Amino acid sequence: MIKQPDAKTPLLALGAITKSYPGCLANDHVDFAISRGEIHALLGENGAGKSTLVKIIYGILRADSGNIRWCGEPVTIDSPSTARRLGIAMVFQHFSLFESLTVVENIALGMDSPGNMESLKARIREVSTSYGLLLDPDRHVHSLSVGERQRIEIIRCLLQQPKLLIMDEPTSVLTPQEIEQLFATLRRLAAQGMSILYISHKLDEIRTLCHQATILRNGRVVADTDPTTHTARSLAAIMMGEELELPSRPPLTQSDSPPRLVVNDLSLRALDEFGVDLKNISFTVGRGEILGIAGVAGNGQIELTNALAGERRCQQADTIVIDQVACGHRGPEFRRELGLGSIPEERFGHGAIADLSLAENAYLTAHHRMGLTRYGLIRRRLRNAFSNRVIDQFRVKAGGHQSTASSLSGGNLQKFIVGREICQRHGVLVVCQPTWGVDAGAATAIQQALVEMAEAGAAVLVISQDLDELMLICNRIAAICAGRLSDVLPVATTSVEQIGLLMAGADMEMDRAEA
Amino acid sequence: MLRLEARAEPSRAMIYLSPVFALGLTLVAGVVLFEIMGVPAGDALYAFFIEPLSSLYGLTELGVKATPLILIGVALAIGFRANVWNIGAEGQLTLGAIFGGGVGLLLYDVDSKWVLPAMLLAAMLGGMLWAAIPAFLRTRFNTSEILVSLMLTYVATLLLSYLVHGPWRDPDGFNFPESRMFHDAASLPIIFPDSRLHIGFALALFVVVAAWFVISRTLIGFQIQVIGRAPRAGAYAGFSHKKLIWMTLLFAGAAAGLAGVIEVSGPIGQLLPSISPGYGFTAIIVAFVGRLHPVGVLLASLLMALSYLGGENAQISLNLPLAVTGVFQGLLLFMLLACDVLIRYRIRIGPIVSKIDAGNTA
Amino acid sequence: MNFDLYLPTLLTIITAATPLVFAAMGELVTEKSGVLNLGVEGMMLTGAVTGFAAVVVTDSAILGCLAAMAAGMLTALIFAFLVLGLQASQVATGLALTLFGIGLSALLGQDMVGIAYAGLPKLQLPIVSDLPVLGPLLFHHDALVYLSFVLPAAVAWFLYRTRAGLILRAVGDSHDAAHAIGYPVIAIRYMATLFGGAMSGLAGAYLSLSYSTMWVENMSAGRGWIALALVVFATWRPWRVMFGAYLFGGITILQLYAQAFGIAVPSQFMTMLPYLATIVVLVVISRDESRIRQNAPACIGKPFHPSA
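Sequence order as written defines the numbering, with residues in each chain counted from 1. Working convention: letters from A go to chains and numbers from 1 go to ligands, in the order in which they are written. With the structure being a predicted model, the display of local features is reserved for residues of pLDDT at least 70 and the display and counting of side-chain atom pairs for 80 or more, all residues being used for whole-chain, interface and lining totals. In computing side-chain properties, one takes all heavy atoms of the structure into account and sets aside hydrogens as well as water.

## Quick look at the domain arrangement of chain B
All names here are of chain B. Domain boundaries assigned for chain B yield domain 1 (1-39 + 322-355) and domain 2 (68-319). Averaged C-alpha coordinates put domain 1 and domain 2 at centres separated by 29 Å. In this complex, domain 1 contributes 14 residues to the contact, which on the side of domain 2 involves 13 residues. Here the quantity called buried area is the accessible surface, traced with a 1.4 Å probe, that two parts lose on coming together, added over both. At the boundary of domain 1 with domain 2, total buried surface from both sides reaches about 1100 Å², with 73% on carbon and sulfur atoms. Contact with domain 2 buries surface across domain 1, with Leu322, Gln329 and Leu333 losing the most and accounting together for 42% of the total. Every case where a carboxyl oxygen of Asp or Glu lies within 4 Å of a side-chain nitrogen of Lys or Arg is listed as a salt bridge. Counting across the domain 1 and domain 2 interface gives 1 salt bridge. Linking Asp340 and Arg291 is a salt bridge whose minimum nitrogen-to-oxygen distance equals 2.7 Å. A 3.5 Å cut-off defines polar contacts: any pair of N or O atoms within that distance qualifies, except that in protein one atom must be a possible hydrogen donor and the other a possible acceptor, and neighbouring residues in sequence count only when both atoms are side-chain atoms. Applying the counting criterion to the domain 1 and domain 2 interface returns 5 residue pairs in polar contact (both at pLDDT 80 or more). For the side of domain 1 that touches domain 2, the secondary-structure elements that each account for two or more residues are helix 1 (12-36) and helix 13 (323-339). Helix and strand labels come from DSSP, where a helix needs a run of H or I of at least four residues and a strand needs a run of E of at least two; each type is numbered from the N terminus. The element best represented in the side of domain 1 that touches domain 2 is helix 13, accounting for 6 residues. The split into domains, and so the bounds of each, comes from an automatic or database assignment of domains. Contact between two residues is taken to exist if any of their heavy atoms lie within 4.5 Å; hydrogens are not considered.

Here's what the structure looks like:
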């Protein structure tokens, strides 16, 4: 239903927007409206249809049917440049940035008439100082942090003086303190009359920031409501259509047994300037324990996971010790024999192969440990049985062991990958972003499985940028920033703000100040 | 207006149907080509694709021409699966001919049943040596194996040219750039009477079966699949990319070297400046048309062998230039690559312009 | 130092380098947009034979060059349609283009083997052609050589000084980002690929109309592949491509002068030099993996699925 405000027409109103893909109805008669100066949330789970809707508004996709009104006038938005001409600007979740180009070149590319480069640089400096978004126009993007990259996108939008600013999951890459800063900027913009469409699945943020929320589920609008009148729990119930039982961290058992995973002074140079150097990382994970490593994406999480898995080796054997065997110089197969399982962040092309079957994907890491190979030959019956076991035990929705990995939804594939490692009964598990881009149901199942694995005596290391997740299931927590690891703190006595400071590298600042 | 619509999953049927469609389209293009050249298309197609197969001798010749294509095609297919782009098989073939033929000339006065095996072995070593260069440079210095293997093809051809013009020239050969003819001990046994079909063909069939077994049943075959599709997943599993680059290139070198010596000790019988009508390059087409599958390669090799035979036949009977063969082969690969779009998309007739379609008309 | 003694050598370097400059500069633009076209050799041969045929028929050098460019663009269009329209593998399609070009040019050129052509007319420029030393060296050439002198500057200016060039580089750096902002990735890549085809065609025309002044089957003899290597060697910078092309021109003519200086090396070994030099140069440049990765267009060779 389009609301008809008495005083003024909404800035943007969508009527009955429908968009379908083969085998999937992404938007089903979606209506909503946003007024001037309003911060309006678009809330929904992964796959609820938020991104599709936003792409339609910004002219990247075209709706199959439905209408769009801008200031009350019917419009057709057939390309992003049409959208920009109307006064719509967008900050993408996955930034639309060009690594090899400079900040000013990137900004010029996002504008329809940027004028000459020197005057553009001057305008960038002006906007960046007036909104407290510090940025040097001549830097190359690959040398910038994730937070700085987001500033490019925001400045690019602000330079066009838009009437509507769309922000797609902007906080997933920020520290808690950076989030506060961003919110202050957004509130200021809204107060000046700009409308902001804020897309998120984080309920607390929406409750503190937004005036109005439209909630999507399976492509349909299920509620249009004032979020401040709800609790996070009731919003979650609307968003998911059911209440979820959240897992809780494993009980901390006092044991005298030596730690199962020891990392001693791990340092690794990045392969190129787009990567992060790991610097003097040390920690231990004990039996029955979950250790969490928080951090903003791009601070060395991928490099650390690769180093622990053995994809990149260390100079010295005793840099990494698994169940008292030094194996820093050995590769993934040797470490897997010792009982270290690992799950990389990227599902397709790293943790699994899209166009291979689930059986083959199970064989990928289990071929030796589960005895699926003899005399160099594949034991197909055992391989299929093993993958069926993973599918059954972890309730993976799939046609069977012969279906390809690409036919599974993100959440189901992640359950399969996690299940594949857990079914191998590893003593140590290293997992990077276990629930990234996964629907809430699957996320809860995965978190529960990790907790149960720890309770069964394994040492689990969870590297995640989802701080809520880490606070929920970990016993101890540390933060990684620019390839350095902070001190490890017990979760029970640590606040989100403390971790936020560590994620921003605050302890290193202090170290430097003391030195 | 035609438009493309993505399939939810790649079509298995289209993987196998696409080469058939491609062949059909190539024949259609061939008819057009012949009409442009002023040759009755019916006569030309008959001369190209039917006449060579109408005699027993023609069928054995098909085997002779297909042998090097099968050997190299199978090896290249395995390499392409692992994303190792060895396009210098022609050079490895030439080195095989030089090494194998060299042993044959060295043992010119020896009449022993060990001469031929020694030649085959030397040829494989020669091909492997030539393939080891791109393997070493790729694994050690990250140098593109595409360009290195191709450059080495030119070098190999020049090396052979030097040898037959110089040190290995037949002393009684009236100064022609040719080596002496190989003796019986250095020639491949014929397996079919009154033909040129030699034991190399049987060897090639064996390689097809062996390669199929390795690809589909072994851990090594699985590693090749994984590394080719997703190198990072291979690293995660602990498979050595470098080892696979070495293995696939050395195997291709050995197979191409074998093909080289088989040509010179079989149908040709001596070393010449030019010993191959481009088998090493045609094998690239063979590998793709054969879907990188050994059995597919076997079928595609027979098809390409037919195009060589047909080209020669059409030259004699219709005075068509030999170059038509090359155009046919190139067209077939183009058509195949075009038809492969059907594996991931289906063609719809409708007014809505999808994104991919908009690109085509741009 | 007697300049006249060295003049022929230096002139030969220029003529050997010119086709490489054209082909490599075209491929550079294509690759900067994120498309790897391995079919340079095939496009060159098609251009060479078409240009030669056009000159034989019309007796017009200009029409010959235009025909060669059109032929190069036509073959590039086939490649672009397969790769950009139908999402075929760039490596496989490029190889197909080369194999097809070799066959097609041989077929088209069979009636032209043995025909001789006087060569493109040399253009004398006012004033500069009369300069001592520089005049005979740089300003007694045909139009294509002059064009090859200015081409790197034009390409460098386009890529780094114009908005269109910025957009082209952006498309090669991240097609997803360019698409999200609203640039027509596919259309831009079509244009870049066609430019590459035109330049390869022109390189071919130079070979058949100026360098050899006749058509010989497979006459490019791997120069298309050397041009591809040059782009890597130059780490995708226009002026370094020019430098690399002249370096190779120098190596190519060594074989012609080795005998003159009484070096008794079989001619085949001298002919191998450019190919071996290509390998050496590639090894030297690609040793530093991070340098290649920083300079190479990030999306090179990757297919673009607009829906993703």
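## Thoughts on the side chain of B:Thr67
Residues and elements named next belong to chain B. In this structure, Thr67 sits in helix 3 (residues 56-81). Each residue is assigned to one of three classes by its accessible area relative to the maximum for its type, calculated with a 1.4 Å probe on protein chains only: buried under 20%, partly exposed between the two thresholds, exposed over 50%. We classify Thr67 as buried; its relative accessible area is 0%. In this view, Thr67 contacts His198, Gly200, Phe201, Ala204 and Ile262; residues no more than four positions away in its chain are not counted.

## A short note on the interface of chain A and chain C
The interface of chain A with chain C comprises 24 residues on the first partner and 17 residues on the second. Of the roughly 1600 Å² buried where chain A meets chain C, counting both sides, 60% is carbon and sulfur surface. When the area that chain A buries against chain C is broken down by residue, the three leading residues are A:Phe98, A:Leu109 and A:Asp272, summing to 32%. Across the chain A-chain C interface, the total number found is 1 salt bridge. Across the salt bridge formed by A:Glu105 and C:Arg169, the nearest N and O atoms sit 3.2 Å from each other. The set of elements that each furnish at least two residues to the side of chain A that touches chain C consists of helix 2 (80-86) and helix 3 (103-109) of chain A. Per-element tally for the side of chain A that touches chain C: the top contributor is helix 3 of chain A, with 3 residues. A class-by-class count of the residues in the side of chain A that touches chain C yields 14 nonpolar, 3 polar and 7 charged. Each residue gets one of three labels, nonpolar for Ala, Val, Leu, Ile, Met, Phe, Trp, Tyr, Cys and Pro, charged for Asp, Glu, Lys and Arg, and polar for the others, Gly among them.

## Topic: the sheet that holds strand 11 (residues 261-268) of chain A
Residue and element names in this part refer to chain A. The criterion for strand pairing is that DSSP finds at least two bridges linking the strands in question. Ordered by their spatial adjacency, 4 strands build an open sheet running 12-11-14-15, and the pairing between neighbours is antiparallel. Both edges of this open sheet fall to strand 12 (278-285) and strand 15 (325-326), since each of them pairs with a single strand only. Pairing between strand 11 and strand 12: 5 bridges, direction antiparallel. Opposite Leu261, over in strand 12, you have Val285 as the bridge partner. Working convention: axes come from line fits to C-alpha atoms, limited for helices to the stretch in contact. Angles between N-to-C directions cover 0 to 180 degrees. Those strands touched by helix 9 (residues 301-309) are strand 11, strand 12 and strand 14 (320-322), and its axis lies near 60 degrees from that of strand 12.

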